[in-house]
Amino acid sequence: MKIDNKKGPICIIFISPIGFMSERNDLIMELTLPYDQYLALHRYKYLALYHALRAAILEGTLPGGTRLPSTRRLAELYNLSRGSASQVYEMLLADGYVQGETGRGTFVSEDIFAATHQETHEQPLSPFITNEGGASEAAEYGEPAHLPLSAWGKRLAVASAPARIYEDFGGEVIDFSSKGMQMVHFPYSEWKSALAYAGGKGGTLLESAGPPQGDEGLRRAIAAHLRITRGIRAEAGQIVLFSGSMQGIVLLTQLLLDPGAPAVAEDPGFHGIRRAVEVTGGVLIPGTVDESGLVPEDWNARLLFVTPSRQFPTGAVLPLERRRALLDWAQRHHAVILEDDYDSEFRWTGRPIEPLKALDRGDRVIYIGSFSNTMFAGLRLGYAVLPQPLAGPAVAAKALYEPLAAGLLEQRALARFMNTGGYRRHLRRMTRIYGERGRAFRALLASQLGGLFEPLPGDAGLHVYARWLGRAEAFEAFRAAALRRGAGFRDAGLYRVAPGAPAACFYFSHLDLPSIKEGMRRLKQAWDDVQNAT
């Protein structure tokens, strides 16, 4: 037990018989109360302790069911008489904040906790609760200070709201929104073996750290993979690892874009790129997208974001002549192109056209990739292949955020997984499964809802983009009816800068064939409901 009774909150540590904090039956190991703050407000110690405990209960610091110290221990810790400690508990008991159980002790009341912690988003009470005299204690402490944000912080506060990546419709809804891979198909035993290898014998490798750019073994494995599958000539020194591709996009945007400077991004396009530009202070130039992807123009900008292998969200593949036009634009304007290749690993027919990075002879393209789609969503691991002049500044920027590599065990395990062929086998297996699901979904969409949606052609990826063929009001009515029938999908308007015709994104990778069929049946019923209502 340790007591620190200096200025500031008291920190009390209780060691339970089994050595950890339980949900209910054992004494809490660690309790911090703003006791000194209440002692300055109240004349008597027992009142100060009562209000400190009461505030902790109301704020949720002491959850319902928490076992509190005995009166003897409470008296010893706060230099009170045992009678005063008993009085504190009696006051809390009378007010309903605690309950006593004979032979077991005193516990925070489950009822009071449930009643005060509904999803009401109320402000914390301590230390500005009302004391026993009815006066607000805020007067004693002053109003909360205004905390000025930097220009960057203000831009972040007013930027377009972040999208909910995984929408939770709840219940038995068959959700065609993005949910990540079904782990039933993931080679988990191989991955566990790779993790054990990465830790070293007896976990000795866990003692070491990695540089900010990430594990060199994984960077070499990525370079080898890209040379074969993408035709990209890359060395480990050009690759920087990030905690997901979005971290890389934001950091590189900050590195390349001055406040007030223009940057081009596809419209419709990935909402994360739009936010990265806004928060950095750049001026977004929406780039026109048609059935063949981004339409090249002579933009007055020095930074371009593009998804050429599979345009997000439409799935269009950028033709070779447009790719060359973009590279020519970058050369003339001394610009940088950030190429986001987010899910074209899963291609079930044909062959991909070379990435911009493979065609780049002027060293002006940054290639962004991610393992979150190809492995599993919880593996937040992305990477960038950088032009040689940018490698040093990018590593310095990454080191500012993360001086040492994060998730080094997973990085080393992934290197092992790739080097032993497990990653290639996994991709082949999932490409076959996703291909079957993608073709089944397109066939069902045509047969069940062919008069409502026009899907754009595609032979890769994990979702289908489909234009709505009816009126905008009918689209909203259909989405609402679909949820009532237990089926959800993503409104593609999320990805637009300028208003446009309604469209939907249907993700299918997380759904087996029976679920896809049932989901389409529910969508058909939902449209029948809309028609019957009119």
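The structure under discussion appears in the preceding block.
Residues numbered from 1 in each chain as written. Predicted model: local features only at pLDDT ≥ 70, side-chain atom pairs only at ≥ 80, totals over all residues. Heavy atoms only, no water.

Q: Please explain helix H11 (residues 271-280) as it appears in this structure.
A: Each full turn of the α-helix corresponds to 3.6 residues, which orients residues three or four apart in the same direction. For H11, the buried fraction is high: 9 of the 10 residues fall into the buried class. For H11, the full list of buried residues reads His271, Gly272, Ile273, Arg274, Arg275, Ala276, Val277, Val279 and Thr280. Structurally, H11 contributes buried residues whose contacts are with helix H7 (151-158), helix H10 (245-256), strand S8 (262-267), strand S9 (283-290) and strand S11 (303-306). (Buried < 20%, exposed > 50% of the residue type's maximum accessible area, 1.4 Å probe, protein only. Helix = DSSP H or I, 4+ residues; strand = E, 2+ residues; numbered from the N terminus. Contact = heavy atoms within 4.5 Å.)

Q: Would you explain the sheet that holds strand S16 (residues 463-468) in this entry?
A: Sheet strands pair by backbone hydrogen bonding; their relative direction is either parallel or antiparallel. Taken in spatial order, the 4 strands of this open sheet run S15-S16-S19-S18, and their pairing is antiparallel. With partners counted over all chains shown, the strands left at the sheet margins are strand S15 (453-455) and strand S18 (490-491), one partner each. Note that S15 and S16 share 3 bridges and pair antiparallel. Following the sheet pairing, Phe453 is matched in S16 by Trp468. Contacting S15, S16 and strand S19 (503-507), helix H16 (residues 422-449) crosses the sheet at an angle of about 155° to S15. (Pairing = 2+ DSSP bridges. Axes fitted to C-alpha atoms, helices over the stretch in contact; angles between N-to-C directions.)

Q: Would you take a moment to explain the side chain of Thr253 for this structure?
A: Here Thr253 is to be found in helix H10. For Thr253, a relative accessible area of 1% puts it in the buried group. Those residues within four positions of Thr253 in sequence are excluded, and the remaining contacts are Ala276, Val277, Thr280 and Phe305.

Q: Teacher, can you tell me more about the pattern of salt bridges here?
A: Pairing between side chains of opposite charge can happen when their charged atoms approach one another. Taken as a whole, this structure holds 21 salt bridges when the rule is applied. Residue Asp215 pairs with Arg412 through a salt bridge whose shortest N-O separation is 3.8 Å. Of this pair, Asp215 sits in the loop between helix H8 (188-199) and helix H9 (216-229) while Arg412 sits in helix H15 (residues 408-419), and the two are 197 residues apart along the sequence. Looking at Asp215, the relative accessible area reads 14%, which means it is buried. Where Arg230 meets Asp341, a salt bridge forms, and the shortest distance between an N and an O atom there is 3.0 Å. With a gap of 111 residues between them, Arg230 in the loop between H9 and strand S7 (239-242) and Asp341 in the loop between strand S12 (336-340) and helix H13 (356-359) connect regions that are remote in the sequence. With respect to burial, Arg230 and Asp341 carry one shared label: buried. Salt bridges sharing partners connect three or more residues here, namely Arg230, Asp341 and Glu345. (Salt bridge = Lys/Arg side-chain N within 4 Å of Asp/Glu carboxyl O.)

Q: Would you mind showing me how to read the packing of H10 against helix H14 (residues 388-401) here?
A: The packing of two helices is summarised by the inter-axis angle and the distance between the axes. The N-to-C vectors of H10 and H14 enclose an angle of 115°; their axes lie 10 Å apart at closest approach. Here H10 is positioned roughly perpendicular relative to H14, judged by the angle of their axes. In the crossing of H10 with H14, the sense of the turn from one axis to the other is right-handed. Within the contact between the two elements, H10 uses Gln247, Leu251, Leu252, Gln254, Leu255 and Leu256 and H14 uses Leu390, Pro393, Ala394, Ala397, Lys398 and Tyr401. By residue class, the composition of the contact of H10 with H14 is 9 nonpolar, 2 polar and 1 charged. (Parallel < 35°, antiparallel > 145°, perpendicular 65-115°, else oblique. Left-handed = near helix turned anticlockwise from the far one by under 90°. Nonpolar A, V, L, I, M, F, W, Y, C, P; charged D, E, K, R; others polar.)

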